[in-house]
Amino acid sequence: MVLAVSVDIRKSARVAAVVLAAIAGSSLITACQNDPDIDITKLTAETDPPDVLYNQGLANLNAGKTTEAARKFEAIDKQHPFSEYARKALVMNAFVAYRNGQYQDAINSTNRYLNLYPQSEDAAYAQYIQGLAYTKQIPSVTQDQRPAAKAIEAMQVVVDKYPDSEYVDDAQAKIRFARDQLAGKEMQVGRYYLERKEYLAAISRFRTVVERYPTTNQVEEALARLVEAYYAMGVTGEAQTAAAVLGHNYPDSQWYADSYKLLQSGGLEPRETGTSWIARAGKNLIGA
């Protein structure tokens, strides 16, 4: 009789525990439903297979639902980290971040991808996205141009490491743009010094443009500014050489016309001196 009572008590205790658990779970769900700050769809893990999640991510991306697309791709990374779809999802997540303007997130994702899958078929694409993310952050020439330097570095990897990829042409175009920005920054600083008659500092900046960025659109002005700065200092030989190189490469340029007029005002004319650094650098110019 005592044994029977004991068994009944244990059964009653188990039933009570189950009831209490059900009540607690019901209360939690009700609280979540009533709380606008809690998304109950995120309380449970994604259980779909990786291919289903990946296709759902692509569908959301095509529909412009980038936040939901990112959630699907992230679910693959968390729930199926060793699947082939995890690799694909990682590069797609980088693209989604880039598309959303989250450029540092895109860069972080591409770095992770390239570290994990350096020889994969999508490595060129990941590297290209990284270059695009840096390119989008390039500011005007009045601001710091470190993103331009980073963009050149990233896109140069595309050109050098993946020469047969479909991204090479645009990577080269982005490199030209970034180099023009760097040259423009040098010109902006050089003009600042020139206006204040700090000629040596100005010449240093203009020389950098001619020697380091000879294929940019800034070279014409850089040569003309060298004529101006050297002439103001009385270093007429270098001024004449700069004008001669400018005239040889850009004979129809207004910058050349202005430089020629400046020299004529002092009884001089363009004349190249073979020993000048300007003459040596002139052989690499865009118009050479």
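Right, let's walk through the structure included here. Just so you know, these numbers come straight off a predicted model, no measurement behind them. (Residues numbered from 1 in each chain as written. Predicted model: local features only at pLDDT ≥ 70, side-chain atom pairs only at ≥ 80, totals over all residues. Heavy atoms only, no water.)

### Some points on a nonpolar patch on the surface
Taken together, the side chains of Leu200, Met233 and Val235 make up a nonpolar region of the molecular surface, amounting to roughly 260 Å² of accessible area. Mapped onto the elements, Val235 comes out in the loop between helix 10 (219–233) and helix 11 (236–249). Overall, the relative accessible area of 32% leaves Val235 in the partly exposed class. (Patch = residues over 30% accessible without salt bridge, like charges linked within 9 Å, V, L, I, M, F, W, Y side chains within 5 Å. Areas by Shrake-Rupley, 256 points an atom, 1.4 Å probe, with all protein chains shown as cover. Salt bridge = Lys/Arg side-chain N within 4 Å of Asp/Glu carboxyl O. Helix = DSSP H or I, 4+ residues; strand = E, 2+ residues; numbered from the N terminus. Buried < 20%, exposed > 50% of the residue type's maximum accessible area, 1.4 Å probe, protein only.)

### Looking at the packing of helix 10 against helix 11
Two elements in contact, helix 10 and helix 11, have axes whose closest approach is 8 Å; the angle formed by their N-to-C orientations is 160°. The pairing of helix 10 with helix 11 is recorded here as roughly antiparallel in orientation. Here the hand of the crossing between helix 10 and helix 11 comes out left-handed. Here Glu220, Leu223, Ala224, Leu226, Val227, Tyr230 and Tyr231 of helix 10 lie close against helix 11, whose contacting residues are Glu238, Ala239, Ala242, Ala243, Val245 and Leu246. For the contact of helix 10 with helix 11, the residue count by class is 11 nonpolar, no polar and two charged. (Axes fitted to C-alpha atoms, helices over the stretch in contact; angles between N-to-C directions. Parallel < 35°, antiparallel > 145°, perpendicular 65-115°, else oblique. Left-handed = near helix turned anticlockwise from the far one by under 90°. Contact = heavy atoms within 4.5 Å. Nonpolar A, V, L, I, M, F, W, Y, C, P; charged D, E, K, R; others polar.)

### Examining the packing of aromatic side chains
Scanning the entire structure with this criterion turns up eight aromatic pairs. Between Tyr113 and Tyr117, the ring centres sit 5.1 Å apart and the planes meet at 50°, which makes this aromatic pair tilted. Here the aromatic rings of Tyr192 and Tyr193 are separated by 5.6 Å at their centres, their planes lie at 70°, and the arrangement is edge-to-face. Among the aromatic residues, ring-to-ring pairing joins Tyr54, Phe73 and Tyr85 into one connected group. The residue whose ring lies beneath Lys88 is Tyr85, and the NZ or CZ to ring-centre distance is 5.3 Å. (Phe/Tyr/Trp six-rings, centres within 6.5 Å; stacked < 30°, edge-to-face > 60°. Lys NZ or Arg CZ within 6 Å of the ring centre and 35° of its normal.)

### Section: the nonpolar core
By size, the foremost hydrophobic cluster in this structure holds 73 residues, and its most contacted members are Phe73, Val210, Leu223 and Leu226. Here this core takes nine residues from helix 4 (residues 84–99), the largest share from any one element. (Core = buried A, V, L, I, M, F, W, Y, C linked by side-chain atoms within 4.5 Å.)

### Focus: the side chain of Arg225
Relative to the assigned elements, Arg225 resides in helix 10. Leave out the neighbours within four places in its chain, and Arg225 touches Met187, Arg191, Leu194, Phe206 and Trp255.

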